Amino acid sequence: MLVNKKAIHIEWGDCDPLGIVYYPRYFEFFDACTDDLFEKAGLPMTKLLETYGIAGIPMVETRAVFTASSAFGDNVTIESCVARWGITSFSVEHKLFKDNILAVECFEKRVWVVRSPDPAKRIVSRPIPKEVSDKFS
């Protein structure tokens with residue numbers, strides 16, 4: 001299983017007035033980590049768009065469990081992996097560690113989509129090519 005690790009230094013702009021990471025920022029971190037995971041697999045977003053003609057891999061479900069806070073000046077590490085592949089969707093797990101302690105777990109479900117020929121629908125899901133999921137083994 002392919003795992004990507006990303007180090008993040010918590011900046012003042014990531015925090016609320018008390019200097020604690022404002023929770024939506026975690027989801028921005030995790031979204032960037034999903035992009036980094038695909039890049040590590042040799043599939044940067046530009047290649048996905050050009051090679052497979054997708055419109056993106058939007059999140060359709062997300063949740064997080066917060067067990068410890070992070071604050072201005074902290075250095076954290078996020079480990080990301082695809083936990084499950086479906087036919088048209090996949091699940092990504094992110095684990096954020098602060099001082100080697102699991103502080104946040106995030107679970108995302110994303111869908112492989114293309115532009116719909118029906119303008120009212122805008123996007124529709126399609127099966128994920130096996131060659132894509134194989135790169136994460």
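In what follows, the structure referred to is the one given above.
Residues numbered from 1 in each chain as written. Predicted model: local features only at pLDDT ≥ 70, side-chain atom pairs only at ≥ 80, totals over all residues. Heavy atoms only, no water.

One finds Phe38, Phe90, Trp112, Val132 and Phe136 to be the most contacted residues of the largest nonpolar core, which totals 15 residues. Elements with a minimum of two residues in this core: helix 1 (23-40) and strand 4 (89-98). Not counting residues up to four positions away in its chain, the partners in contact with phenylalanine 90 are Phe38, Ile57, Val82, Arg84, Trp85, Glu108, Lys109, Arg110 and Ile128. Membership of the second largest hydrophobic core comes to 14 residues, among which are Val21, Phe29, Phe30 and Ala103. (Core = buried A, V, L, I, M, F, W, Y, C linked by side-chain atoms within 4.5 Å. Buried < 20%, exposed > 50% of the residue type's maximum accessible area, 1.4 Å probe, protein only. Helix = DSSP H or I, 4+ residues; strand = E, 2+ residues; numbered from the N terminus. Contact = heavy atoms within 4.5 Å.)

Quick look at the packing of aromatic side chains now. For the structure on display, the rule yields 11 aromatic pairs. On the basis of an interplanar angle of 50° and a centroid distance of 5.5 Å, the ring pair of phenylalanine 38 and phenylalanine 90 is categorised as tilted. Linking phenylalanine 38 in helix 1 with phenylalanine 90 in strand 4, this pair joins segments that are 52 residues apart in sequence. We note that phenylalanine 38, like phenylalanine 90, is buried. Residues tryptophan 85 and phenylalanine 90 carry aromatic rings whose centres are separated by 5.1 Å and whose planes lie at 35° to one another, so their mutual orientation is tilted. Among the residues examined, tryptophan 85 registers a relative accessible area of 25% and is labelled partly exposed. Grouped by ring-pair contacts, the aromatic residues Tyr26, Phe27, Phe29, Phe30 and Phe66 constitute a single cluster. Its guanidinium or amino end placed over the ring of phenylalanine 107, arginine 63 lies 4.2 Å from that ring's centre, counting from NZ or CZ. (Phe/Tyr/Trp six-rings, centres within 6.5 Å; stacked < 30°, edge-to-face > 60°. Lys NZ or Arg CZ within 6 Å of the ring centre and 35° of its normal.)

This next bit is on the side chain of aspartate 74. Among the secondary structure elements, aspartate 74 is positioned in the loop between strand 2 (59-66) and strand 3 (75-85). On the basis of relative accessible area, aspartate 74 is assigned to the buried category, the value being 18%. Residues within four places of aspartate 74 in sequence aside, it is in contact with Ile8, His9, Ile10 and Lys98.

What follows covers the sheet that holds strand 5 (residues 101-111). In spatial order, the strands read 1-3-4-5-2; together these 5 strands make up an open sheet with antiparallel pairing. Of all the strands in the sheet, the pair left with one neighbour each is strand 1 (4-9) and strand 2. Each strand of the sheet is rotated relative to its neighbour by a mean of 20°, with strand direction disregarded. Pairing between strand 3 and strand 4: 9 bridges, direction antiparallel. Counterpart to serine 80 in the pairing with strand 4 is histidine 94. (Pairing = 2+ DSSP bridges. Axes fitted to C-alpha atoms, helices over the stretch in contact; angles between N-to-C directions.)

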